Amino acid sequence: MTGKEEEKLEKTEDGKSIEDSPRDRTRLSDICADIKVSQIMSKETTVVKDTEPIENIIELMTRTPYHSFPVLNSNDELVGVIDQDNILELLFFERSHRTHHTHLMAIKALSEEASTLMVHHPVTISHDASLCEAADLMIKHHINRMCVVDDKKLVGIISKSDLIKKIYELRG
């Protein structure tokens, strides 16, 4: 590298080049592109069936640390997700502004089982997708966790925390 090229390199506060920085985006992107979601996802998941009564789901939320649950049909296929937002909307429906009193909200307010309250068609990711793809989807859709699927079957959950921990570990 010539003297002029060295001058053009950005420097961090401690005088190292950006290339040597642990936050080198190119390097991290290369690393996370080679790691599959299946390598870091949580395989043990708490799920609910689409016929599960809402009261049981509320009770489940009070005794577990989870904020959302995958919803499976009778064939154990992922059909939706139910989360704290869905439950709060149901519990406080009468407090919501009347502009939110749509036909769909009325149906949800009368919900007695997961299938009528859940978010249909949740954002999912394939088990063989890369960590970069998972991060891109989470950022794009403003979600903290995603269901990991293989042929419509739930195989795990991946969260932003999982991604951050793995990248931090890889940075060494």
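Numbers given to residues run from 1 along each chain, matching the order in which its sequence is written. With pLDDT at 70 or above as the cut-off, local features in this predicted model cover only qualifying residues; side-chain atom pairs require 80 or more to be listed or tallied, and sums for whole chains, interfaces and linings still use all residues. With hydrogens and water excluded, all non-hydrogen atoms of the structure serve as input to the side-chain values.

## A word on the pattern of salt bridges
Line of reasoning, step 1. For this document, the term salt bridge refers to a Lys or Arg side-chain nitrogen within 4 Å of an Asp or Glu carboxyl oxygen. The final tally for this structure, using the stated rule, is three salt bridges.
Line of reasoning, step 2. Taking the shortest distance from any N to any O, the salt bridge between E59 and R63 comes out at 2.9 Å. Of this pair, E59 and R63 both sit in helix α4 (residues 54-63), four residues apart, roughly one helical turn.
Line of reasoning, step 3. Only protein chains enter the area calculation, which uses a 1.4 Å probe; residues under 20% of their type maximum are buried, those over 50% are exposed, and those in between are partly exposed. E59 gets classed as partly exposed once you look at its relative accessible area, which sits at 38%. Helix and strand definitions follow DSSP, with helices as H or I runs of at least four residues and strands as E runs of at least two, each counted in order from the N terminus.

## Section: the packing of aromatic side chains
Line of reasoning, step 1. Note on ring pairs: Phe, Tyr and Trp rings are taken, using the six-membered ring of Trp, and paired if centres are within 6.5 Å. Classes follow the plane angle, with under 30 degrees stacked, over 60 edge-to-face and the rest tilted. For the structure shown, the criterion picks out one aromatic pair.
Line of reasoning, step 2. Consider the rings of Y66 and F69, whose centres lie 6.4 Å apart with planes at 85°: the pair is edge-to-face.
Line of reasoning, step 3. With relative accessibility at 40%, the residue Y66 sits in the partly exposed group.

## Topic: the sheet that holds strand β4 (residues 119-120)
Each strand in a sheet pairs with its neighbour through backbone hydrogen bonds, running either in the same direction (parallel) or in the opposite one (antiparallel).
Line of reasoning, step 1. A pair of strands counts as paired when DSSP detects no fewer than two bridges linking them. Taken together, four strands build an open sheet; the order of strands is β1-β2-β3-β4 and the sheet is mixed. Looking at which strands have only one partner, the edges of the open sheet turn out to be β1 (48-49) and β4.
Line of reasoning, step 2. As judged from the five bridges shared by strand β2 (residues 68-72) and strand β3 (residues 78-83), these two strands associate in the antiparallel manner. Its bridge partner being in β3, S68 is matched across the sheet by D83.
Line of reasoning, step 3. Whether two residues are in contact is decided by their heavy atoms, any of which lying within 4.5 Å being enough. Axis geometry follows a simple rule: fit a line to the C-alpha atoms, using only the stretch in contact for helices, then measure angles between N-to-C directions, giving values from 0 to 180 degrees. Packed onto the sheet, α4 meets β1, β2 and β3 and runs at close to 60° relative to β3.
Line of reasoning, step 4. Along the sheet, helix α5 (residues 84-91) contacts β3 and β4; its crossing angle with β3, the most-contacted strand, is approximately 60°.

## As for the nonpolar core
Line of reasoning, step 1. In terms of nonpolar packing, the biggest core is built from 18 residues, with V37, I125, L131, A134, M146, I158 and L163 touching the most fellow members.
Line of reasoning, step 2. In terms of residues, this core owes the most to one element, helix α8 (residues 131-141), which gives four residues.
Line of reasoning, step 3. Buried Ala, Val, Leu, Ile, Met, Phe, Trp, Tyr and Cys residues that are joined via side-chain atoms within 4.5 Å together make up what is termed a nonpolar core. Listed in part, the 14 residues of the second largest apolar core include I58, M61, A114 and M118.

## Digging into a negative patch on the surface
Line of reasoning, step 1. A cluster of acidic residues, D128, E133, D136, D150 and D151, forms a negative patch on the protein surface.
Line of reasoning, step 2. One can find D150 in strand β6 (residues 145-150).
Line of reasoning, step 3. The class for D150 is partly exposed, based on a relative accessible area of 37%. Surface patches are drawn from residues lacking salt bridges whose relative accessible area is over 30%; two like charges belong together within 9 Å, two nonpolar side chains (Val, Leu, Ile, Met, Phe, Trp, Tyr) within 5 Å. Calculation of accessible area relied on Shrake-Rupley with a 1.4 Å probe; when residues are assessed, cover is drawn exclusively from the protein chains displayed. The positive count covers Lys and Arg only, the negative count covers Asp and Glu only, and His and the chain ends enter neither. For this purpose, a charge sits on NZ of Lys, CZ of Arg, CG of Asp or CD of Glu.

## Regarding α4
Line of reasoning, step 1. Taken together, the buried positions of α4 are I54, I57, I58, L60 and M61. Considered in projection along α4, the buried side chains sweep an arc of 160° and stay on one side of the axis. Exposed and facing more than 90 degrees away from the buried side of α4 are E55, T62 and R63.
Line of reasoning, step 2. Buried residues along α4 sit in contact with β1, β2, β3, α5 and α7 (114-117). Working definition: the arc comes from the directions between the helix axis and the C-beta atoms, pointing outward to the latter.

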